[in-house]
Amino acid sequence: MPAQRKLGRPTDQRKAILKGLVTSLFQNGKIETTEARAKEVKNIAEKLIAIAVKECDNFTSKQVKVSAAKVDSKGNKITNTKKSKNGNEYLVVEREVKTDMQRVDNPSRLHARRKVMSWLYRVKDSEGNTINLANKLFDEIAPKYKDVNGGYTRIYKIGPRKGDAAEMVILQLV
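Residues numbered from 1 in each chain as written. Predicted model: local features only at pLDDT ≥ 70, side-chain atom pairs only at ≥ 80, totals over all residues. Heavy atoms only, no water.

- Going by what an unreviewed UniProt entry lists, the chain is known as Large ribosomal subunit protein bL17 and is assigned to Acetivibrio straminisolvens JCM 21531.
- In the Sequence similarities (unreviewed entry) part of its UniProt record, the chain is described as follows: "Belongs to the bacterial ribosomal protein bL17 family." (UniProt positions renumbered as here; feature names shortened; annotations may be inferred.)

Observations regarding the layout of surface pockets
Line of reasoning, step 1. Its boundaries defined by the atoms lining it, the largest pocket holds a volume of some 190 Å³.
Line of reasoning, step 2. For the largest pocket, the full set of lining residues is M117, L120, Y121, R122, V123, T130, I131, N132, L133 and A134.
Line of reasoning, step 3. Partitioned by chemical class, the residues of the lining of the largest pocket number seven nonpolar, two polar and one charged. (1 Å grid on protein atoms, 1.4 Å probe; cavity = no way out; pocket = protein on both sides within 12 Å on 5 of 7 lines; lining within 4 Å. Points joined across faces, edges and corners; volume = space filled by probe spheres on them. Nonpolar A, V, L, I, M, F, W, Y, C, P; charged D, E, K, R; others polar.)

A look at the side chain of R109
Line of reasoning, step 1. Along the chain, R109 turns up in helix α3 (residues 107–117).
Line of reasoning, step 2. A residue is classified by how much of its surface remains accessible, and R109, at 1% relative accessible area, is buried.
Line of reasoning, step 3. If sequence neighbours within four positions are ignored, R109 has contacts with E55, C56, D57, N58, F59, F138 and D139. (Helix = DSSP H or I, 4+ residues; strand = E, 2+ residues; numbered from the N terminus. Buried < 20%, exposed > 50% of the residue type's maximum accessible area, 1.4 Å probe, protein only. Contact = heavy atoms within 4.5 Å.)

Points about the domain arrangement of the chain
Interface size is commonly expressed as the accessible area that is lost once the parts come together.
Line of reasoning, step 1. Domain parsing of the chain yields domain 1 (11–57 + 106–173) and domain 2 (61–101).
Line of reasoning, step 2. The C-alpha-based centres of domain 1 and domain 2 are spaced at 42 Å. (Domains from an automatic or database assignment.)

Considering the environment of P143
Line of reasoning, step 1. Considering the arrangement of structural elements, one finds P143 in helix α4 (residues 133–144).
Line of reasoning, step 2. Note: C-alpha distance between P143 and K54 (89 residues apart in sequence) is 9.8 Å.
Line of reasoning, step 3. What P143 contacts, discounting residues up to four positions off in sequence, is C56, L137 and F138.

Observations concerning the sheet that holds strand β1 (residues 30–34)
Line of reasoning, step 1. Spatial strand order, β1-β9-β8: three strands in an open sheet with antiparallel pairing. Only two strands of the sheet have a single neighbouring strand rather than two, namely β1 and β8 (153–160). Neighbour-to-neighbour, the strand axes of the sheet open up by a mean angle of 25°, direction not taken into account.
Line of reasoning, step 2. Where β8 lies against strand β9 (residues 167–173), seven bridges are found, and the strand directions are antiparallel. Bridge pairing in β9 places T153 opposite L173.
Line of reasoning, step 3. Sitting on the sheet, helix α2 (residues 35–54) touches β1, β8 and β9, and the angle it makes with β1 is about 140°. (Pairing = 2+ DSSP bridges. Axes fitted to C-alpha atoms, helices over the stretch in contact; angles between N-to-C directions.)

Notes on helix α1 (residues 11–28)
One turn of an α-helix holds 3.6 residues; hence residues three or four places apart share an orientation.
Line of reasoning, step 1. Helix length check: α1 (18 residues) gives 26 Å between terminal C-alpha atoms against 26 Å at 1.5 Å per residue, within 8%.
Line of reasoning, step 2. Its buried side turned inward, α1 meets β1, α2, β6 (123–124), α4, β8 and β9.
Line of reasoning, step 3. At the exit of α1 stands G29, carrying a positive phi of roughly 90°. (Expected span 1.5 Å × (residues − 1).)

A look at the packing of α1 against α4
Two quantities define a packed helix pair, namely the angle between the axes and the distance from one axis to the other.
Line of reasoning, step 1. It is at 10 Å that the axes of α1 and α4 come closest, and there the two elements cross at 45°. Relative to α4, the element α1 is oriented oblique. Where α1 crosses over α4, the handedness of that crossing is left-handed. Where α1 approaches α4, its residues T23, F26 and Q27 are matched on the opposing element by L133, K136, L137 and I141.
Line of reasoning, step 2. Of the residues in the contact of α1 with α4, the class split is four nonpolar, two polar and one charged. (Parallel < 35°, antiparallel > 145°, perpendicular 65-115°, else oblique. Left-handed = near helix turned anticlockwise from the far one by under 90°.)

Shown next, in the form of structure tokens:
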């Protein structure tokens, strides 16, 4: 990925800050930070979005057999009682096999997805469910920018920070 400004930090801290900001940008659509950090995050985010746009439709579909538990009208699993060889009774969940179409990434899209994932942290939503930001980038964000050549983000200046007068900005996806 691109060479970065030093931001007055050791490499590991700098990368952690930038990863956190890039993750927040893709998760929320906008972030508020200092101008220097925003310019770096913009540089990284634009490249990641460009990668995702290029590989947006590069996948195939294939049929996969999926085994799932049968459920009744209330959503409870249907069970049967079975007898073992030594006479014990136990419950067995009834299963059904379905065929589903599943999306499979082509090799270049898989490589692009892994590149993107190296710049994103794993995040959870308010209910505690894990959000796959790479999927969000490839399936929601990239298709929006399919016909656009660059300029996926925008920086608004919002004035100096109260404590140290650092120039604060809002970085958002256009």
